[in-house]
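As a plain string of letters, each chain reads:
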Amino acid sequence: MTETTWHTPDPDTQPDFYADVPLKRFLAWVVDSVLVIVICVLILPFTAFTGLFFLPMLFLSVGLIYRTATIAKGSATWGMRLMAIEFRSASGQRLDAATAFLHSLGFTFSCAVPLVQLASMLLMLVGPRGQGLTDHVLATVAVNRRATS
């Protein structure tokens, strides 16, 4: 994308918005994964423990719903909010419900296919905006939240 189409902070002139974002995204992923595991454990008794037979699919499904709901509501998962980062679209707006679903779907696909996840992590580490593969496809970016007074 050309710089004229982006309305998010420029990583060259406003690097504070992108400072430590890959690390914060990793830590947020850990927090969110623990939350999804807890939700899955709470769901298991309601499946008469047959959920154990399809636990990976249950984990991915619960994760997709959790991520979509939390990102659609506040442009960040609970783990991301804890780490003070949020998603923004190329126009600088918070993600709407449709984009939150597409971003969550891309993330879920990445989790299901380890090579795609590895490529996404590498992109986050080398790109100036710290964007993963799904971020590149949807033209989204994770930035540090602005401090509110």
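In case you missed it, the structure is sitting above this.
What you see is a predicted model; the values in this text were computed from it and never measured. (Residues numbered from 1 in each chain as written. Predicted model: local features only at pLDDT ≥ 70, side-chain atom pairs only at ≥ 80, totals over all residues. Heavy atoms only, no water.)

S.K.: Help me understand the overall build of the protein in this model?
M.R.: Assigned secondary structure in the protein consists of 6 helices and 2 strands. Ordered by position in the sequence, the α and β elements of the protein form the string α-α-α-β-α-α-α-β. At 16 Å, the protein has a C-alpha radius of gyration in line with the 15 Å of a compact globule built from 149 residues. If one aligns the C-alpha atoms of the protein with their principal axes, the spans along those axes are about 55 × 40 × 25 Å. Split into buried and exposed, the 149 residues of the protein put 41% on the buried side. Taking as baseline every contact in the protein between residues at least 6 positions apart, the subset at least 24 positions apart corresponds to 63%. For the protein, the computed accessible surface area is about 8600 Å², with 73% contributed by carbon and sulfur atoms. (Helix = DSSP H or I, 4+ residues; strand = E, 2+ residues; numbered from the N terminus. Rg over C-alpha atoms; globule rule 2.2 N^0.38 Å. Buried < 20%, exposed > 50% of the residue type's maximum accessible area, 1.4 Å probe, protein only. Contact = heavy atoms within 4.5 Å. Areas by Shrake-Rupley, 256 points an atom, 1.4 Å probe, with all protein chains shown as cover.)

S.K.: I tried to follow the side chain of Arg 25 on my own but got confused; where do I start?
M.R.: With respect to the element layout, Arg 25 can be found in helix 1 (residues 21-43). A polar contact of 2.7 Å, which involves the side chain of Arg 25, links it to the side chain of Asp 135. For Arg 25, the residues in contact, after removing those within four places along its chain, are Ile 85, Phe 87, His 103, Met 124, Gly 130, Gln 131, Gly 132, Asp 135 and Ala 142. (Polar contact = N/O pair within 3.5 Å; in protein donor to acceptor, adjacent residues only side chain to side chain.)

S.K.: Sorry, what's going on with helix 5 (residues 114-126) here?
M.R.: Side chains three or four residues apart in an α-helix point the same way, a direct result of the helix having 3.6 residues per turn. Its 13 residues give helix 5 an end-to-end C-alpha distance of 19 Å, which sits within 8% of 18 Å, the value for a rise of 1.5 Å per residue. Buried within helix 5 are the following residues: Val 116, Gln 117, Ser 120 and Met 124. Within helix 5, the buried residues cover an arc of 100° as seen down the axis, which keeps them to one side. Within helix 5, the exposed residues directed more than 90 degrees away from the buried face are Pro 114, Leu 115, Leu 125 and Val 126. Where the residues of helix 5 are buried, they touch helix 1, helix 4 (97-112) and helix 6 (133-138). (Expected span 1.5 Å × (residues − 1). Arc of directions from axis to C-beta.)

S.K.: How should I be thinking about the pairing of strand 2 (residues 140-144) in this particular structure?
M.R.: One face of the sheet, then the other: side chains in a regular strand alternate in exactly this way. The buried fraction of strand 2 amounts to 5 of the 5 residues, a majority that puts the element mostly inside the structure. Alternating positions in strand 2 separate into two faces, Thr 140, Ala 142 and Asn 144 on one and Val 141 and Val 143 on the other, with burial throughout. Where strand 1 (residues 85-89) and strand 2 come together, 5 bridges link them in antiparallel fashion. Residue pairing in the sheet places Ser 89 in a bridge with Thr 140 of strand 2. (Pairing = 2+ DSSP bridges.)

S.K.: Teacher, can you tell me more about the packing of aromatic side chains here?
M.R.: When we look at a pair of aromatic rings, we describe it by the centre distance and by the angle of the planes. Under the counting rule described, the total for this entry stands at 2 aromatic pairs. Centroid distance Tyr 66 to Trp 78: 5.7 Å. Interplanar angle 80°. Geometry classified as edge-to-face. A residue pair is termed long-range when its members are at least 10 positions apart, and Tyr 66 in helix 2 (residues 55-74) and Trp 78 in helix 3 (residues 78-82) qualify at 12 residues. Residue Trp 78 is classed as partly exposed on the basis of its relative accessible area of 49%. Over the aromatic face of Phe 107 sits the side chain of Arg 67, whose NZ or CZ is 3.9 Å from the ring centroid. (Phe/Tyr/Trp six-rings, centres within 6.5 Å; stacked < 30°, edge-to-face > 60°. Lys NZ or Arg CZ within 6 Å of the ring centre and 35° of its normal.)

S.K.: Looking at this structure, I do not really get helix 1. What am I missing?
M.R.: Over its 23 residues, helix 1 runs 32 Å from end to end, which matches the ideal 33 Å to within 8%, given 1.5 Å per residue. Taken residue by residue, helix 1 has Val 21, Arg 25, Ala 28, Asp 32, Ser 33, Val 36 and Cys 40 as its buried positions.

S.K.: What's the story with unusual backbone geometry in this structure? I'm lost.
M.R.: Most of the time, phi is negative for any residue but glycine, and the peptide bond is trans. Phi is positive for Ser 75, which is not a glycine, with a value near 65°. Within the secondary structure, Ser 75 sits in the loop between helix 2 and helix 3. You will see that Ala 139, though not glycine, has its phi angle at about 60°, which is positive. Tracing the backbone through its elements, the reader meets Ala 139 in the loop between helix 6 and strand 2. Judged by its relative accessible area of 14%, Ala 139 is buried.

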